[in-house]
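Commentary on secondary and tertiary structure
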Amino acid sequence: MCWLYCRRSHIPVIWLGPVTSSGIQAPFYGCRECIAELDHMVWAYVEAKDRL
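Quick look at the structure, then. (Residues numbered from 1 in each chain as written. Predicted model: local features only at pLDDT ≥ 70, side-chain atom pairs only at ≥ 80, totals over all residues. Heavy atoms only, no water.)

Describing the pairing of strand β2 (residues 24-30)
Across seven bridges, the pairing between strand β1 (residues 14-21) and β2 is antiparallel. Pairing of proline 18 across the sheet is with proline 27, part of β2. Between β1 and the antiparallel strand that follows it, β2, lie two residues; serine 22 among them carries a positive phi value of about 55 degrees. (Pairing = 2+ DSSP bridges. Helix = DSSP H or I, 4+ residues; strand = E, 2+ residues; numbered from the N terminus.)

Description of the environment of cysteine 31
You can see cysteine 31 is positioned in the loop between β2 and α1 (32-50). Among the residues examined, cysteine 31 registers a relative accessible area of 1% and is labelled buried. Linking cysteine 31 and aspartate 50, residues 19 residues apart in sequence, is a C-alpha distance of 29 Å. Dropping the residues within four chain positions of it, cysteine 31 is found in contact with Cys2, Cys6, Arg8, Ile11, Pro12 and Val13. (Buried < 20%, exposed > 50% of the residue type's maximum accessible area, 1.4 Å probe, protein only. Contact = heavy atoms within 4.5 Å.)

As structure tokens, then:
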């Protein structure tokens, strides 16, 4: 299951690493589309930060 935006089941996902919430760790998975959106958000943040 994708643990990012779509939360779809029965699709290919990749492990992104462990995630910690409230002191508990769990495996963190994402599908191709959600990882692409996350990547876009990271680059937008970096580009905005560089403009400051």
